[in-house]
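# Fold and contact review
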Amino acid sequence: MSEPVLSMARPITLLQPARLEIGAGAVTRLAEWAAAYQRAFVVAMAPTVGFVDRIGLTGAVETFIDLPPEPDLPAVEAVLAAARAFKPDLVIGLGGGSVMDVAKLVAVLWDSEQSVPDVVGVGKVQGRRTALAQVPTTSGTGSEAGIRSLVTNPATLAKMAVESQFMLADIAILDPELTYSVPAAVTAATGVDALAHCVEAFTNIKAHPLIDGYATLGIELVGRYLARAVKDGTDTEARAGMMLASYYGGVCLGPVNTAGGHALAYPLGTRLKLPHGLANAIIFPHVLAFNATARPEKTATIMAALGLSAGADETSVRAAAHGYCRDLGVEMSLSRHGAKAEDLPLFAEEAFAIKRLIDNNPRPLELADIQAIFTSAL
Ligand SMILES: NC(=O)c1ccc[n+]([C@@H]2O[C@H](COP(=O)([O-])OP(=O)(O)OC[C@H]3O[C@@H](n4cnc5c(N)ncnc54)[C@H](O)[C@@H]3O)[C@@H](O)[C@H]2O)c1
Ligand SMILES: [Fe+2]
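How each quantity is defined
Residues numbered from 1 in each chain as written. Chains lettered and ligands numbered in written order. Predicted model: local features only at pLDDT ≥ 70, side-chain atom pairs only at ≥ 80, totals over all residues. Heavy atoms only, no water. Helix = DSSP H or I, 4+ residues; strand = E, 2+ residues; numbered from the N terminus. Rg over C-alpha atoms; globule rule 2.2 N^0.38 Å. Buried < 20%, exposed > 50% of the residue type's maximum accessible area, 1.4 Å probe, protein only. Contact = heavy atoms within 4.5 Å. Areas by Shrake-Rupley, 256 points an atom, 1.4 Å probe, with all protein chains shown as cover. Lys, Arg positive; Asp, Glu negative; His and termini not counted. Charge placed at Lys NZ, Arg CZ, Asp CG, Glu CD. Donors = N, O, S within 2.8 Å, 3.2 Å for Na, K, Ca; no water. Tetrahedral: all angles 85-135°; square planar, octahedral: opposite > 155°, others 65-115°. Salt bridge = Lys/Arg side-chain N within 4 Å of Asp/Glu carboxyl O. Near = heavy atom within 4 Å. Polar contact = N/O pair within 3.5 Å; in protein donor to acceptor, adjacent residues only side chain to side chain. Domains from an automatic or database assignment. Expected span 1.5 Å × (residues − 1). Buried area = accessible area lost by both parts, 1.4 Å probe. Nonpolar A, V, L, I, M, F, W, Y, C, P; charged D, E, K, R; others polar. Pairing = 2+ DSSP bridges. Axes fitted to C-alpha atoms, helices over the stretch in contact; angles between N-to-C directions. Parallel < 35°, antiparallel > 145°, perpendicular 65-115°, else oblique. Left-handed = near helix turned anticlockwise from the far one by under 90°.

### Considering the overall build of the chain
Broken down by element type, the chain carries 15 helices and nine strands. Computed over its C-alpha atoms, the radius of gyration of the chain comes to 20 Å, within 12% of the 21 Å expected for a compact globule of 378 residues. Seen along its three principal axes, the alpha-carbon backbone of the chain occupies a region of about 60 × 45 × 40 Å. Expressed as a percentage of its 378 residues, the buried residues of the chain come to 55%. Counting only contacts in the chain whose residues sit at least 6 apart along the sequence, the fraction spanning at least 24 positions is 75%. Accessible surface computed for the chain: about 14,800 Å², of which carbon and sulfur atoms make up 56%. If you average the places of the 29 positive and of the 38 negative side-chain charges in the chain, the two averages end up 1 Å apart.

Here it is as structure tokens:
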């Protein structure tokens, strides 16, 4: 199988926030921009609420912190109710992907007739009148860069995806100082999520040369800095590098998106209740290896950027990438996270059903392949 050469046959659209403020201490730049607004509704979580004062907002501020990680529909509705009572003209997401995804929905829905279920899918949101600022405090999802939001369906525990250009931030602030407090385990898992966004877009059937550029920059940054950020959370250079890697990964998600890795990670989130980053970190080496023969040159580029020396075959790629994730401190065995052999056929069926991602994979993933990957990850 030969790898595609540079092709612009498929047209893409790249949207990014209108304004980016990047740098250590950049969070203070938000106040200047936000001065045009009178009522700011801040979505945060307990570990990030302390950052609100650092922004230095001058108008009325309401901060909502009672948000669980990977929020479900009732959790989002509680935030919407608080926003409706407050009537903001500016919504600020100040947290990880869980917070930023909710801030997007609040900005488009608080003063709308539409509900969350009404807007699940692509392009269903009718519009937005409220300004939106995104301030990531983890380096993983890159949600600040993009137009998607994921909400857990409480009935099925599956993620519902909302995609709309109206959920794009007016301003995003990349301030690595806000990530110093992220615990090592969360740094590792979210960092591999950022890596997976770049890698899955880079090796994607829909890969595009422009996005390949962002993807390779992101992968190189992860190779240089993730281990350092896990080892020492106050390593400012490493935290800054990971914040950029996460943003680049977010840019990759819009025009190209992920593939098999994220599809296989989803059932681990729903069935084993693993956080998004952790589920992706466990799956990452297996899908990278599975795809190695379909994308040999790109796989070699990825391995070199991560500082891993391995042969080009599936087994050596898997062993090297698995060791990389394990050395970051990620518990890579699914059985250690509560999975049993008899659960795997169900996981495999659920992953296989996520056609929008499975169909992006460079090497066709059949049900039996997915089952084999889960067995190997057990
Ligand atoms: N919109 C997208 O394109 C996109 C992409 C990938 C994932 N997601 C979604 O994002 C969510 C996951 O986001 P995440 O991986 O950033 O995790 P998260 O937002 O759930 O945060 C993980 C944990 O870290 C804590 N935390 C956050 N910032 C902290 C800080 N500075 N210091 C200490 N603790 C901190 C949080 O309170 C939480 O307990 C999932 O719901 C996932 O589905 C969205
Ligand atoms: Fe992800």
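Next comes the rest of the description.
### Quick notes on the coordination of the iron ion (ligand 2)
Reference values for coordination geometry: four tetrahedral donors around a metal ideally subtend 109.5 degrees, six octahedral donors ideally subtend 90 or 180 degrees. Surrounding the iron ion (ligand 2) are the protein donor atoms Asp193 (OD), His197 (NE2), His262 (NE2) and His276 (NE2), which sit 2.1 Å from the metal. For the iron ion (ligand 2), the four donor atoms are set out with angles of 88 to 159° between them, so the coordination reads as irregular. Along the chain, the residues donating to the iron ion (ligand 2) are arranged with the sequence spacing D-x3-H-x64-H-x13-H. Here the residue Asp193 and the residue His197 both occupy positions in helix H6 (residues 184-202), the gap between them amounting to four residues, near one helical turn. The same class applies to Asp193 as to His197, namely buried.

### Observations concerning the pattern of salt bridges
Taken as a whole, this structure holds 14 salt bridges when the rule is applied. Where Arg128 meets Asp170, a salt bridge forms, and the shortest distance between an N and an O atom there is 3.1 Å. Highlighted residues: Arg128 in the loop between strand S5 (121-122) and strand S6 (131-136) and Asp170 in the loop between strand S8 (159-163) and strand S9 (171-174), separated in sequence by 42 residues. Among the salt bridges present, the one from Asp327 reaches Arg326, with a minimum N-O distance of 3.7 Å. A cluster of three or more residues bridged by salt bridges with shared partners is formed by Arg19, Glu21 and Arg29.

### Some words on the site of ligand 1
Neighbouring residues of ligand 1: 25 residues in total, closest Gly97, Ser98, Thr137, Thr138 and Ser181. Taking Ser98, its side chain carries an N or O atom lying 2.6 Å from an oxygen atom of ligand 1. Formed jointly, the shell around ligand 1 draws a minimum of three residues from each of two domains, domain 1 (26-174) and domain 2 (184-377).

### Thoughts on helix H12 (residues 314-327)
Its 14 residues give H12 an end-to-end C-alpha distance of 20 Å, which sits within 8% of 20 Å, the value for a rise of 1.5 Å per residue. Residues of H12 that are buried: Val317, Ala320, Ala321, Gly323, Tyr324 and Cys325. Where the residues of H12 are buried, they touch H6, helix H7 (209-231), helix H10 (276-290) and helix H11 (296-305). Gly329 lies just past H12 and shows a positive phi near 100°.

### Observations concerning the domain arrangement of the chain
Considered domain by domain, the chain is made up of domain 1 (26-174) and domain 2 (184-377). With 15 residues of domain 1 at the interface, the matching set in domain 2 holds 21 residues. Per-residue buried area on domain 1 facing domain 2 is highest for Ser139, Arg148 and Leu174; these three make up 33% of the total on that side. The interface formed by domain 1 and domain 2 includes zero salt bridges. Here the side of domain 1 that touches domain 2 is composed, by residue class, of six nonpolar, five polar and four charged.

### Considering the sheet that holds S8
What the three strands build is an open sheet, ordered S5-S8-S7; its pairing is mixed. Strands with a single pairing partner mark the edges of an open sheet, and in this sheet they are S5 and strand S7 (148-152). Bridge analysis of S7 against S8 gives five bridges, and the strand direction is antiparallel. If you follow Arg148 over to S8, its bridge partner there is Glu163.

### Some details on unusual backbone geometry
Even without being a glycine, Glu70 presents a positive backbone phi close to 50°. Using a relative accessible area of 27% as the deciding quantity, one classes Glu70 as partly exposed. For Lys273, which is not a glycine, the phi torsion comes out positive at approximately 60°. Tracing the backbone shows Lys273 in the loop between helix H9 (260-272) and H10.

### Looking at the sheet that holds S6
Strand order in the open sheet made by the six strands is S1-S9-S6-S4-S2-S3, with parallel pairing throughout. The sheet is open, and its two edges are formed by strand S1 (19-22) and strand S3 (60-64), each paired on a single side. Direction aside, neighbouring strands of the sheet carry axes that sit 15° apart on average. In this sheet, strand S4 (residues 90-95) lies alongside strand S2 (residues 39-43) in parallel orientation, the contact comprising four bridges. Its bridge partner lying in S4, Val43 is registered against Gly93. The strands touched by helix H4 (residues 97-109) are S2, S4 and S6; relative to S4, the strand with the most contacts, the crossing angle is about 170°.

### Observations regarding the packing of H7 against helix H8 (residues 236-253)
Running from N to C, H7 and H8 cross one another at 150°; their axes reach a closest spacing of 8 Å. Considering the angle they form, H7 stands roughly antiparallel to H8. The two elements H7 and H8 meet at a crossing, and its hand is left-handed. Across the interface between the two elements, Ile211, Tyr214, Ala215, Leu217, Gly218, Leu221, Val222, Tyr225, Leu226, Arg228 and Ala229 from H7 touch Glu237, Ala238, Arg239, Gly241, Met242, Leu244, Ala245, Tyr248, Val251 and Cys252 from H8. When grouped by side-chain class, the residues that make up the contact of H7 with H8 number 16 nonpolar, two polar and three charged.

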